[in-house]
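# Overview (structure and organization)
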Amino acid sequence: MSHIPFNKPYLTGKEVDYIYEAVKSGKISGDGMFTKKCHEFFEKKYGFKKCLLTSSCTDALEMAAILLNIQEGDEVIIPSYTFVSTATAFVLRGAKIVFCDSRKDHPGMDEDKIEALITDRTKVIVPVHYAGVSCDMDKIMDIATKYNLFVVEDAAQAVESYYTGKDGVKKALGSIGHLAAFSFHETKNIMSGEGGMLVINDTRFMERAEVIREKGTNRSKFFRGEVDKYGWCDIGSSFLPSDMIAAFLYAQMENIDSIQKKRIALWNKYMELLTPVHDKFSLPVIPAYATNNAHMFYIVFHNLEDRTKMITHLKENGVNAVYHYLSLHKSPFYGPKYQGGELPETDRYTDCLLRLPMFYELTDEDVNKVVDTLMSL
Ligand SMILES: *Cc1c(COP(=O)(O)O)cnc(C)c1O
């Protein structure tokens, strides 16, 4: 019996050629030819003010926390239903994490619950565009303006997805907050195994971001010939990837349109087949202001028991479906420190959400099989 994995990284075919080119060029450390190509591609296509490739989205979030001068006791509002890096990047700087519950209709943070969490120590809001579906950014940016806060978009899953606000302008996710972080981990739509990117939309942070990414030195200025020697100017770390990673990523980016077309077709097929028949679970909701980049297809069961039975049933039939995100406010690390209230929607997604196989090489036949298996329990 054929087995359907949960994820399979897709190769466009050009990755190894471009890595070979990077190696032959003689410069394979960071900020080589392919890194520049990647920066230009993203800045042009999505209207990001400045892009800096990093070794991971986690790195990009850590850079954001340094850039925003997060100090001991500063408060950062993030959803509890997210990947740990959204929190750890700020915890490393001594921040107190204030967790926001998820929406009823979507695992993203409930924008209407943010304002009640703000204190005079609040510094940053980090919306996570879960499954590549935008948070209501007008609401979040208005709150940030009102209380003078920064917004860092965790756009790890949100490449090639958009938000249309009150002004009717369609903006790429990652172009709205002061800063944004993307991931190119192999489970994401376009990837380089491990990889990430910091987007800087607020020009005040541009110069310092380059320094922090280069171990606290002004080496980037030196390479551009803007200073004759470089030295130690600030705190920082080594956040930049080798140009071989950028070469791999560039091969993926060149094919982003065909990758997205295929993923969206598969997502729509799931939706079409499941819409008439879902009574055991609910289907994803895409708000009118958001687009769908088909990062993920998830379903939400009515209780933990139903989900557990289904995972076993799928596994017995050769389908690997997985769940993720255990409420961070109840985690072994942060639970004992957490002082906020109950987050019932977060806990519900923790218990009830299931991700179905979703990757470029999944076939229509595979989707049919997953749906048939789902319906046969
Ligand atoms: C994947 C992911 C990350 C981490 O990305 P890395 O590149 O693996 O560091 C952070 N936040 C969210 C929401 C993610 O999905």
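Attention in this report is confined to the structure presented alongside it.

### Comments concerning the overall build of the chain
Along its length, the chain carries twelve helices and twelve strands. For 377 residues, the compact-globule estimate of 2.2 N^0.38 gives 21 Å, and the C-alpha radius of gyration of the chain, at 21 Å, lies within 12% of that figure. For the chain, the C-alpha atoms occupy an extent of roughly 70 × 55 × 40 Å along the three principal directions. Partitioning the intrachain contacts of the chain with sequence separation of at least 6 by distance along the chain shows that 72% fall at a separation of at least 24. Split by element, the accessible area of the chain, about 16200 Å² in all, is 54% carbon and sulfur. Each charge class in the chain can be summarised by its mean position, and for the 44 positive and 51 negative side chains these summaries are 3 Å apart.

### Brief notes about the packing of helix α1 (residues 15-24) against helix α8 (residues 243-253)
Direction vectors running N to C along α1 and α8 enclose 145 degrees, while the axes themselves pass 8 Å from each other. Both α1 and α8 take part in a crossing whose hand is right-handed. Contacts from Glu15, Tyr18, Ile19, Ala22 and Val23 in α1 reach Asp243, Met244, Ala247, Phe248, Tyr250, Ala251 and Gln252 in α8.

### Details of the sheet that holds strand β1 (residues 50-54)
Ordered by their spatial adjacency, seven strands build an open sheet running β1-β9-β8-β5-β4-β2-β3, and the pairing between neighbours is mixed. Of all the strands in the sheet, just β1 and β3 (96-100) have a single pairing partner and so form its edges. Strand after strand, the sheet turns through a mean of 25 degrees between neighbouring axes, direction not considered. Bridge analysis of β1 against strand β9 (residues 196-200) gives five bridges, and the strand direction is antiparallel. Bridge pairing in β9 places Thr54 opposite Gly196. Helix α3 (residues 57-67) contacts β1, β5 (150-154), β8 (179-183) and β9 of the sheet and is inclined by roughly 165 degrees relative to β8. The sheet contacts of helix α5 (residues 137-147) involve β4 (122-125) and β5, and relative to β5 the element is tilted by about 150 degrees.

### Observations concerning the site of the ligand
Thr58, Asp154, Gln157, Ser183 and Lys188 are the nearest of the 14 residues found near the ligand. Separating a nitrogen atom of the ligand from a side-chain N or O atom of Asp154 is a distance of 2.9 Å. Within the side chain of Gln157, an N or O atom sits 2.8 Å from an oxygen atom of the ligand. For the ligand, whose unbound accessible area comes to 390 Å², protein coverage reaches 93%. Partitioned by chemical class, the residues of the shell around the ligand number five nonpolar, seven polar and two charged.

### What about empty space enclosed by the protein?
Counting across every chain of the model gives six cavities of 30 Å³ or more. Taken as a whole, the largest cavity encloses approximately 80 Å³ of empty space. Considering the residues around the largest cavity, the lining is formed by 13 residues, among which Lys8, Tyr10, Lys188, Asn189 and Arg263 are closest to the centre. Its residues assigned to classes, the lining of the largest cavity shows six nonpolar, three polar and four charged. Residue assignment places the lining of the largest cavity across two domains, with domain 1 (15-253) and domain 2 (256-375) each supplying three or more. Counted by class, the lining of the second largest cavity contains three nonpolar, three polar and two charged residues.

### Overview of the sheet that holds strand β10 (residues 281-282)
Sheet architecture is open: three strands sit in the order β10-β11-β12, paired in antiparallel fashion. Edge strands, defined here as strands with exactly one partner in the open sheet, are β10 and β12 (353-356). Taken together, the four bridges between strand β11 (residues 297-301) and β12 define a ladder with antiparallel strand orientation. Paired with Ile299 across the bridge in β12 is Leu354. Helix α10 (residues 304-316) rests against β11 and β12 of the sheet, and its axis sits at about 25 degrees to β12.

How each quantity is defined
Sequence order as written defines residue numbering, which begins from 1 separately in each chain. Local features in a predicted model are, by the rule used here, given only for residues with pLDDT of at least 70; side-chain atom pairs are given and counted only at 80 or more, and totals for whole chains, interfaces and linings are based on all residues. As a rule here, side-chain values cover all heavy atoms of the structure and leave hydrogens and water aside. Strands here mean DSSP runs of E at least two residues long; helices mean DSSP runs of H or I at least four residues long; both are numbered from the N terminus. It is over C-alpha atoms that the radius of gyration is taken, and the globule rule equals 2.2 Å times the number of residues to the power 0.38. Only heavy atoms matter for contacts: two residues are in contact if any of them lie within 4.5 Å across the pair. Per-residue and other accessible areas follow the Shrake-Rupley method at a 1.4 Å probe size, with only the shown protein chains counted as cover for residues. The sign given to each residue is positive for Lys and Arg and negative for Asp and Glu; His and the chain ends receive no count. Positions of charges follow a simple convention, taking NZ of Lys, CZ of Arg, CG of Asp or CD of Glu. Axes, fitted as lines to C-alpha atoms, cover a helix only where it is in contact. Angles between the N-to-C directions of the axes lie from 0 to 180 degrees. Note: crossing handedness is left-handed where the near helix turns anticlockwise from the far helix by less than a right angle, and right-handed where it turns clockwise. Any two strands with at least two DSSP-identified bridges between them are counted as paired. We call a residue near a given molecule or strand whenever any one of its heavy atoms falls within 4 Å of it. Counting of polar contacts relies on pairs of N or O atoms within 3.5 Å, with two restrictions inside protein: one atom must be capable of donating a hydrogen and the other of accepting it, and residues adjacent in sequence are counted only when both atoms are side-chain atoms. Under the grouping applied here, Gly and all other residues not named as nonpolar or charged are polar, the nonpolar ones being Ala, Val, Leu, Ile, Met, Phe, Trp, Tyr, Cys and Pro and the charged ones Asp, Glu, Lys and Arg. As defined here, a cavity is a set of points on a 1 Å grid over the protein atoms alone where a 1.4 Å probe fits but cannot get out. A pocket is an open set with protein on both sides within 12 Å along at least five of seven lines, and residues line them when an atom is within 4 Å of a point. Grid points are joined across faces, edges and corners, and a volume is the space filled by probe spheres set on the points. All domain edges in this entry derive from an automatic or database-based domain assignment.

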